[in-house]
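A structural walkthrough
Chain by chain, the residues:
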Amino acid sequence: MKEAIKKYCTSLGLDTVGFMECKRFDELVPYFEYRKELGVENEFEEKDSEKRVNPKELMNNGRTIISIAFPYLYIINNYNQIYFSKYTYGNDYHKVVAQYLEKVCHFINELGGEAMYFVDSNPLPERYIAWKSGIGFIGKNNMLITEKYGSYVFLGEIITNLELEADEQIENKCGECEICIKACPSKAIKQRKENDIGYVNNSNVCLSYITQKKDIEDLWFDKFKGRMFGCDTCQDVCPYNKKAQFSSIEEFKPKLFAQQVQLEELLKIDNKTFIEKYKQLSCGWRGKNILQRNAFINAANLQKMNLIDVKDISSPYVKEYYYRLLKHFKL
Ligand code: B12
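Fair warning: this is a prediction, and the values are worked out from it, not measured in the lab.

**Thoughts on the overall build of the protein**
Secondary structure assignment for the protein yields 13 helices and eight strands. In terms of overall size, the protein behaves like a compact globule, its C-alpha atoms giving a radius of gyration of 21 Å where 331 residues would be expected to give roughly 20 Å. Its C-alpha atoms put the protein at 65 × 45 × 35 Å along the principal axes. The long-range share in the protein, meaning contacts at least 24 apart out of those at least 6 apart in sequence, stands at 77%. When the accessible surface of the protein is summed, it comes to about 15500 Å², and 52% of that surface belongs to carbon and sulfur atoms. Taking the average location of the 47 positive side-chain charges in the protein and that of its 46 negative ones, the two points are 6 Å from each other.

As C-alpha cells, then:
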C-alpha cells in the first residue's frame, strides 16, 4: 500500500513523499520549553504544547504520518526594487496544498484506510515531521531542505490509521557552512551553542515575521529594503538552493502582479482590488491593511511618499503609519 500511495502521489506530480510512525514527539518537549525560556517563541506558533508534540491529539488511531513536499520555485531572481517573497507569487498554498492532500486522502480511503490532512495553520511541527519522514534535512536557517527542490517547498501532512513502513531520516548537511547566518539582515539565525537543544533561531526578529506583524517599531522601517511580504534571504543564499529544480505545480505559477509589484495600486488598494487579486495569494490571509502599510514603508524608503494622497487612506491603522513614516524619514 505504501508504494501504491507513493505512485498515486507521483501521478499528481508529487515526487517527494516520506513516511514516519505516528507517535508522541517526547524529544520536542524540552526543546519547546527551552525556546520558551529563551523568549524565541513566535506569536504565530501553536500555544498548546501537548497538541504540538502529540499528533494522536489530532487522530487518536493514527499509525502513520505521511509528509509531502510541494515545490513552488518558478523564478530565481527578482530584481525589482520592491518585491514579494517567492512563496507568495502564485495561488495561496494553504488552498492548493489542501486540494492535493484531499485527493491523496480519498485514495487512502479507497485502500480502506482513514486519513486526515494538514497544511501550515495546524499544531504539527511540519518541518520536524518532514525531517523524520526522510524527505529532507533541517538547515541552520530552520528550513526543511530537500535534495531535488532545495528549501523552496511547502509542506503538507496526512495522518492515517494504516500502518506503513517508516523512512530513514536524512542527517544535517550544513557542516561548517554559515552563509545564511551571515546573510540574515536581522541576525535572526543563531549559531548553535554547545548546550543548545536544536536550533533556537529568533523568529521574532525574522524579517518574514516583521512584514507580517501588525504592530512594528520604527526601527524596522529602514530594514524592509523592498520586501513587500515575507523574506527569502536565508534561502536565496543557501548553496543547496543553487541547484533547486523548478516546480511543475501549475497553481504556483507566478501571477504578474505578484512578480512585478504594482506599487501605486498597493498604495491606494481598495477592498475590491484586494479580494480580486492579493487575497488569492499566500500573503492574503494577513489582510489588506498590512499590505498597504508595507507598500507605504517601501515607498518611504524610495522617497516616493508623494505618490500617496492622505485623503485616499481609509484605515486609521495605515494612516498612523503614514505620519510615523513622514516623521521617521523627515519627509
Ligand atoms: C509560525 C511559522 C512561521 C513564523 C515563525 C517561524 C519559526 N519560528 O520557525 C514566521 C512568520 C517567522 C515564518 C516564516 C517563514 N515561514 Co513559516 N511557518 C510557521 C509555522 C506555522 C509554525 C512553525 C513553528 O512552529 N516554528 C517553531 C519552530 C521551533 O519549529 P520549526 O520551525 O518547525 O523548527 C523545528 C526544527 O528546528 C526542529 N529541530 C531541528 N533540529 C532539531 C534538533 C532537535 C534535538 C530537536 C528536538 C528539534 C530540532 O525542531 C523544530 C520543531 O519542529 C509552520 C507550519 C507548521 N505547522 O510547522 C510554517 C512553515 C515552517 N513556514 C514555512 C515557510 C515557507 C516560511 C517562510 C520561508 C516564508 C517566507 N519566505 O517568508 C519563512 C521562513 C523563515 C525561517 N527561516 O524560518 C514553511 C516551511 C517549509 C520548509 N521548506 O521548511 C512551513 C512548514 C509552512 C508549510 N506548510 O509549508 N513562519
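**As for the packing of aromatic side chains**
Under the defined criterion, the tally for this structure stands at 20 aromatic pairs. Here a set of aromatic residues connected by ring pairs shows up, and it is made of Y72, Y87, Y93, Y152, F154 and F252. Positioned above the aromatic ring of W220 is the side chain of K223, whose terminal nitrogen or guanidinium carbon lies 6.0 Å from the ring centre.

**Concerning the site of the ligand**
Around the ligand there are 40 residues in total, and E126, R127, N142, L144 and S208 lie nearest to it. Interatomic distance of 2.8 Å between a backbone N/O atom of L144 and an oxygen atom of the ligand. In the model, a nitrogen atom of the ligand is placed 3.1 Å from a nitrogen or oxygen of the D232 side chain. Here the shell around the ligand takes four residues from helix α2 (residues 28–38), the largest share from any one element. In terms of residue class, the shell around the ligand is made up of 20 nonpolar, twelve polar and eight charged.

**Considering the environment of I210**
If you trace the backbone, I210 turns up in helix α7 (residues 207–212). A relative accessible area of 0% places I210 in the buried class. Not counting the four nearest positions on each side in its chain, I210 is found in contact with N204, V205, I216, W220, F224 and R293.

**Let's talk about the packing of helix α1 (residues 2–11) against helix α4 (residues 93–110)**
As a packed pair, α1 and α4 sit with axes 10 Å apart at the nearest point and diverge in direction by 145 degrees. Crossing handedness for the pair α1 and α4: right-handed. Every residue of α4 that contacts α1 at A4, I5, Y8 and C9 is listed here: K103, V104, F107 and I108. Across the contact of α1 with α4, the residue classes break down as seven nonpolar, no polar and one charged.

**A few points about the sheet that holds strand β2 (residues 64–71)**
Strand pairing in a sheet is mediated by backbone hydrogen bonds. Such pairs are either parallel or antiparallel. In space, the four strands of this open sheet follow the order β1-β2-β7-β4, with antiparallel pairing throughout. Looking at the sheet topology across the chains shown, the edges are occupied by β1 (17–21) and β4 (115–118). Adjacent strand axes in the sheet meet at a mean angle of 25 degrees when their direction is disregarded. Pairing of β2 with strand β7 (residues 153–160) involves eight bridges; the strand directions are antiparallel. Pairing of A69 across the sheet is with L155, part of β7. α1 contacts β1 and β2 of the sheet and is inclined by roughly 145 degrees relative to β1.

**Some remarks on the packing of helix α12 (residues 288–301) against helix α13 (residues 316–328)**
Helix-helix packing is described using two parameters, namely the angle between the two axes and the distance between the axes. Interaxial distance between α12 and α13 falls to 9 Å at its minimum, and their mutual angle equals 10 degrees. Judged by the inter-axis angle, α12 sits roughly parallel to α13. Crossing geometry of α12 relative to α13 is assigned as right-handed. Contact residues: α12 offers N289, I290, Q292, R293, F296, I297 and A300, while α13 offers Y317, V318, Y321, Y322 and L325. Partitioning the contact of α12 with α13 into residue classes produces nine nonpolar, two polar and one charged.

Conventions and cut-offs
Residues numbered from 1 in each chain as written. Predicted model: local features only at pLDDT ≥ 70, side-chain atom pairs only at ≥ 80, totals over all residues. Heavy atoms only, no water. Helix = DSSP H or I, 4+ residues; strand = E, 2+ residues; numbered from the N terminus. Rg over C-alpha atoms; globule rule 2.2 N^0.38 Å. Contact = heavy atoms within 4.5 Å. Areas by Shrake-Rupley, 256 points an atom, 1.4 Å probe, with all protein chains shown as cover. Lys, Arg positive; Asp, Glu negative; His and termini not counted. Charge placed at Lys NZ, Arg CZ, Asp CG, Glu CD. Phe/Tyr/Trp six-rings, centres within 6.5 Å; stacked < 30°, edge-to-face > 60°. Lys NZ or Arg CZ within 6 Å of the ring centre and 35° of its normal. Near = heavy atom within 4 Å. Polar contact = N/O pair within 3.5 Å; in protein donor to acceptor, adjacent residues only side chain to side chain. Nonpolar A, V, L, I, M, F, W, Y, C, P; charged D, E, K, R; others polar. Buried < 20%, exposed > 50% of the residue type's maximum accessible area, 1.4 Å probe, protein only. Axes fitted to C-alpha atoms, helices over the stretch in contact; angles between N-to-C directions. Left-handed = near helix turned anticlockwise from the far one by under 90°. Pairing = 2+ DSSP bridges. Parallel < 35°, antiparallel > 145°, perpendicular 65-115°, else oblique.

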